[in-house]
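What follows is the residue order along each chain.
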Amino acid sequence: MSHRPTRVLVLNSGSSSVKYQLLDMRDSSRLAVGLVERIGEQTSRLKHTCLGSGDTREAVGPIADHEAALKAVAEELGRDGLGLDSPELAAIGHRVVHGGMFFTEPTVIDDAVLAEIERLIPVAPLHNPANLTGIRTAQALRPDLPQVAVFDTAFHTTMPESAARYAIDPRVADRYRIRRYGFHGTSHAYVSRATARLLGKTPEEVNVIVLHLGNGASASAVQGGRCVDTSMGLTPLEGLVMGTRSGDLDPAVIFHLARVGGMSMDEIDTLLNKRSGLFGLCGDNDMREIRRRIDEGDEEAELAFDIYIHRLKKYIGAYCAVLGRVDAVAFTAGVGENATPVREAAVAGLEGLGLAVDPGLNAVRGDEPRLISPAGARVAVAVVPTDEELEIATQTYALVGTGSAPVGNNS
């Protein structure tokens with residue numbers, strides 16, 4: 001065939017949702033985007049937008065499982081002439097949350113890859129099973145097409161052992177695969193490179209602290225394009241204060257809750273992952289609502305905000321120490337990109353580290369990467385919208401776009 005296919009379908013399969021985008025890698029343009037949510041319920045919802053026509057369609061009704069969801073997605077794409085049977089489709093790229101130490105780069109999926117993702121379920125029980133279901137369903141729909149796994153953890157596999165290891169018996173750690181893996185890797189990779197471009201430099205020339213602040217939140221220290229430290233650990237629970245997760249905690253709190261509080265492991269797990277963080281502190285995990293409450297004088301919301309910022313500052317300071325020289329601090333994801341007060345508060349008082357924001361620049365909203373630090377600042381402070389789907393598509397196409405990567409190649 002003289003014409004090489006250039007489209008990549010990106011699938012992000014969650015426990016009860018599937019997000020998808022179809023991109024044309026000739027110019028990285030989006031052809032279609034959509035979301036299926038509440039899978040397995042009577043009120044499942046599919047929202048699909050064809051960007052060529054601007055046509056948006058929405059349907060509500062029972063979608064039994066991920067297989068039914070992906071078939072519905074294929075049908076919607078087909079209605080726009082963008083179906084999974086299109087010869088223009090080069091590959092399907094899948095977000096996979098946990099790749100452990102085995103997967104350090106995007107990988108064409110074969111049986112051995114599937115088996116390894118399955119073996120990692122104990123350290124990602126909420127995410128890897130859904131990711132696997134999405135992969136297997138897509139394979140059944142297009143068995144002839146390369147399916148590529150892009151791992152949230154891969155970007156962090158460059159961390160030195162001194163950062164990745166916990167200070168516990170290494171034999172126990174190795175037996176149970178306990179180490180710092182980190183997450184949001186596709187976002188940290190994309191944003192660190194986009195920040196370098198914003199500064200007019202190559203990734204190898206700059207040291208960047210990336211702050212991915214969404215409902216889940218993580219920080220990373222990126223030295224010359226390589227991650228050298230990150231805040232999430234064995235699981236996404238460690239690190240920053242998040243929407244519903246506690247972040248850093250004295251591990252003995254767990255023993256105390258079990259022994260003194262009489263709580264089961266499952267109850268403690270639910271407390272720390274789903275009923276902590278901003279939600280646990282003040283009953284809201286939406287930063288807009290928290291700021292509204294603060295403006296009305298709500299002390300509970302103000303304390304939650306202060307705890308959130310205190311933790312954020314500690315990590316900025318720690319990663320300044322880890323990197324030695326910092327060229328930029330980049331805010332990204334829902335809160336990082338939109339919450340002006342969070343950015344202002346996070347760097348307030350850090351002038352000694354070369355950090356400051358210009359109030360006027362910080363107040364500007366936009367979809368493009370931009371600097372919010374004063375002119376001539378020693379350290380650039382940037383807002384860089386993340387684009388995990390584009391990152392997954394780019395990595396997928398780089399692997400299979402030449403036509404040289406056969407199905408089953410996981411080198």
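Residues numbered from 1 in each chain as written. Predicted model: local features only at pLDDT ≥ 70, side-chain atom pairs only at ≥ 80, totals over all residues. Heavy atoms only, no water.

The name an unreviewed UniProt entry gives the chain is Acetate kinase, with Streptomyces hyaluromycini as the organism. Under Subcellular location (unreviewed entry), UniProt gives the following word-for-word description of the chain: "Cytoplasm". (UniProt positions renumbered as here; feature names shortened; annotations may be inferred.)

(A) Structural view of the nonpolar core. Ile 209, Leu 211, Leu 213, Met 287, Tyr 308, Leu 312 and Val 342 are the most contacted members of the largest nonpolar core, which has 45 residues in total. Broken down by element, this core gets its largest block of residues, 11 residues, from helix H11 (residues 299-323). Contacts of Leu 213, omitting those with residues within four sequence positions, involve Leu 240, Tyr 308, Leu 312, Phe 331, Thr 332, Ala 333, Gly 334, Val 335, Gly 336 and Val 342. (Core = buried A, V, L, I, M, F, W, Y, C linked by side-chain atoms within 4.5 Å. Buried < 20%, exposed > 50% of the residue type's maximum accessible area, 1.4 Å probe, protein only. Helix = DSSP H or I, 4+ residues; strand = E, 2+ residues; numbered from the N terminus. Contact = heavy atoms within 4.5 Å.)

(B) Seen up close, helix H15 (residues 388-400). The terminal C-alpha atoms of H15, which comprises 13 residues, lie 18 Å apart, in line with the 18 Å expected from a rise of 1.5 Å per residue. Those residues of H15 not exposed but buried are Glu 389, Leu 390, Glu 391, Ile 392, Ala 393, Thr 396, Tyr 397 and Val 400. (Expected span 1.5 Å × (residues − 1).)

(C) Seen up close, the sheet that holds strand E13 (residues 370-371). On the basis of which strands lie adjacent, the open sheet formed by six strands has the order E11-E10-E9-E12-E14-E13 and mixed pairing. In this open sheet, the two edge strands, each paired with only one partner strand, are strand E11 (226-230) and E13. As judged from the seven bridges shared by strand E9 (residues 207-213) and strand E10 (residues 217-223), these two strands associate in the antiparallel manner. Looking at the pairing, Val 210 lines up with Ser 220 of E10. Each of E9, E10, strand E12 (328-332), E13 and strand E14 (380-383) is contacted by helix H6 (residues 185-198), which is oriented at about 130° to E9, the strand it contacts most. (Pairing = 2+ DSSP bridges. Axes fitted to C-alpha atoms, helices over the stretch in contact; angles between N-to-C directions.)

(D) Just the pairing of strand E4 (residues 45-50), in detail. With five of six residues buried, E4 lies mostly within the body of the structure. Two strands pair when backbone bridges link them, and strand E3 (residues 29-37) and E4 are joined in this way by six bridges, in the antiparallel orientation. Note that in E4 the partner of Leu 35 across the bridge is Lys 47. Both E4 and strand E5 (residues 55-60) contribute to a ladder of six bridges, which runs antiparallel. Paired with Leu 46 across the strands is Ala 59, a residue of E5.

(E) Molecular detail of a nonpolar patch on the surface. Among the surface-exposed residues, Ile 168, Val 172 and Tyr 176 lie close enough to one another that they form a single nonpolar patch of about 270 Å² accessible area. Overall, Val 172 belongs to the partly exposed group, its relative accessible area being 32%. (Patch = residues over 30% accessible without salt bridge, like charges linked within 9 Å, V, L, I, M, F, W, Y side chains within 5 Å. Areas by Shrake-Rupley, 256 points an atom, 1.4 Å probe, with all protein chains shown as cover. Salt bridge = Lys/Arg side-chain N within 4 Å of Asp/Glu carboxyl O.)

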